[in-house]
Amino acid sequence: MIKKAKDTLFTQKEGMPFAFDAEVTRVFEDMIQRSVPGYGLTLQMIAVIAGLYAQKNSKLYDLGCSLGASSLALAHGIKVEGCEVVGVDNSEAMLAQCHRNTKQSPVSIVLQQDDIQNMLIEDASVVVLNFTLQFIAKEERQALLTRIYQGMRQGGVLILSEKVCFEDGFEQQQHIALHEAFKKAQGYSELEVSRKRQSLENVLIPEPISAHHARLKDAGFDEVQTWFQCFNFVSVLAYKV
Ligand code: GEK
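Thresholds, definitions, all that
Residues numbered from 1 in each chain as written. Predicted model: local features only at pLDDT ≥ 70, side-chain atom pairs only at ≥ 80, totals over all residues. Heavy atoms only, no water. Helix = DSSP H or I, 4+ residues; strand = E, 2+ residues; numbered from the N terminus. Buried < 20%, exposed > 50% of the residue type's maximum accessible area, 1.4 Å probe, protein only. Near = heavy atom within 4 Å. Polar contact = N/O pair within 3.5 Å; in protein donor to acceptor, adjacent residues only side chain to side chain. Areas by Shrake-Rupley, 256 points an atom, 1.4 Å probe, with all protein chains shown as cover. Nonpolar A, V, L, I, M, F, W, Y, C, P; charged D, E, K, R; others polar. Core = buried A, V, L, I, M, F, W, Y, C linked by side-chain atoms within 4.5 Å. Contact = heavy atoms within 4.5 Å. Phe/Tyr/Trp six-rings, centres within 6.5 Å; stacked < 30°, edge-to-face > 60°. Lys NZ or Arg CZ within 6 Å of the ring centre and 35° of its normal.

A look at unusual backbone geometry
Argument step 1. With phi around 65 degrees, Phe-131 is a residue other than glycine that occupies positive phi space.
Argument step 2. Topologically, Phe-131 is positioned in the loop between β4 (124-130) and α6 (138-150).
Argument step 3. Among the residues examined, Phe-131 registers a relative accessible area of 6% and is labelled buried.
Argument step 4. In this structure, Asn-202 is a non-glycine residue whose phi angle is positive, near 65 degrees.
Argument step 5. Looking at where Asn-202 falls in the secondary structure, it is placed in the loop between α8 (190-200) and α9 (209-219).
Argument step 6. Among the residues examined, Asn-202 registers a relative accessible area of 70% and is labelled exposed.

Rendered as structure tokens:
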């Protein structure tokens, strides 16, 4: 992996909607670690979950794979034979760097530049959406989750990590304040935090945890558990029993 470049994008950038372009790709590793509380833990646990649920001769999908961090976590966690990790992203810049990052994987990682809303998902034992569904239009989320469910084996799991919002006004305000305090503690300035917030408006669309649970159930998943929460960031496990 190349040396991590520091994210200073929003010291200069203003008024542009957020996009996963070459500029963001260059600083993405630093950006996500300093912006998403618990991101490192989600990666660690993706490996643990893959160790428990990866089935022999099955596929493990990382949808919205960015630079390949979750794909590599899956690959390192697998304990059975014959598995293939499929990493998918529609950003050309991200995938080009992802190819370089995943070369040394212990398990074959196949990378695909595609829209996760249109690609084939089949024979999957583990599927990861690590902070990706939030970038899909709300009205299209159900169809995607239903296709994921249909492409999964019995006994498989989906890991869904998201930034969420809260119906209760006080809870919502406090979680936002805590998240912004986290970002400042990570070295972002007030100006960077507010410019990034504006740039993500209408691009990253959070929903309440209950909406995610309900949608996963509607997609067919038998059990849904929130296994992680830090402020307004959660991760959920959905089981196809
Ligand atoms: C990680 N999971 O490091 N089709 C394909 N890719 C998409 C689509 C789409 N329709 N929409 C967005 N993406 C990673 C982090 S980042 C999360 C995931 C974040 C891709 C987009 O190009 C980007 O690379 C990724 O989803 C979201 O564990 O930036 O907060």
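Structure shown, so let's carry the discussion forward.
A short note on the site of the ligand
Argument step 1. Surrounding the ligand, one finds 22 residues, the nearest of these being Tyr-39, Gly-64, Ser-66, Ser-70 and Asp-89.
Argument step 2. One of the side-chain nitrogen or oxygen atoms of Tyr-39 is found 2.6 Å away from an oxygen atom of the ligand.
Argument step 3. Contacts to the ligand include Asp-89, whose side-chain N or O atom sits 2.6 Å from an oxygen atom.
Argument step 4. Relative to its unbound accessible area of 650 Å², the ligand is 94% covered by the protein chains.
Argument step 5. Its residues assigned to classes, the shell around the ligand comprises 10 nonpolar, 9 polar and 3 charged.

Concerning the nonpolar core
Argument step 1. Counting 29 residues, the largest nonpolar core has Leu-63, Leu-129, Ile-148, Leu-158, Leu-216 and Phe-221 as its most contacted members.
Argument step 2. With 4 residues, α6 is the largest single contributor of residues to this core.
Argument step 3. Apart from residues lying up to four places away in sequence, Leu-216 is in contact with Leu-145, Leu-158, Leu-160, Phe-221, Val-224, Val-236 and Ala-238.
Argument step 4. Core analysis: the second largest hydrophobic core is formed by 25 residues, Ile-49, Ala-50, Cys-65 and Leu-111 among them.

Here we look at the environment of Gly-64
Argument step 1. Within the fold, Gly-64 resides in the loop between β1 (59-63) and α4 (69-77).
Argument step 2. Given the relative accessible area of 15%, Gly-64 is considered buried.
Argument step 3. Note: C-alpha distance between Gly-64 and Glu-223 (159 residues apart in sequence) is 23 Å.

A word on the packing of aromatic side chains
Argument step 1. All chains considered together, the criterion is met by 7 aromatic pairs.
Argument step 2. The interplanar angle of 90 degrees and the centroid separation of 5.0 Å between the aromatic rings of Phe-20 and Phe-135 together place this pair among those described as edge-to-face. Here Phe-20, found in the loop between α1 (9-12) and α2 (22-35), pairs with Phe-135, found in the loop between β4 and α6; they are 115 residues apart in sequence, far enough to count as distant.
Argument step 3. Ring centres of Tyr-149 and Phe-221 lie 5.1 Å apart, and the angle between their planes is 80 degrees; this geometry places the pair in the edge-to-face category. One end of the pair, Tyr-149, is in helix α6; the other, Phe-221, is in the loop between α9 and β6 (223-230), with 72 residues separating them in the sequence. Phe-221 matches Tyr-149 in its accessibility class, with the two residues each being buried.
Argument step 4. By the ring-pair criterion, three or more aromatic residues cluster together here, those being Phe-18, Phe-20, Phe-28 and Phe-135.
Argument step 5. For the cation-ring pair, Lys-183 lies above Tyr-188, with the distance from its terminal atom to the ring centre recorded as 5.2 Å.

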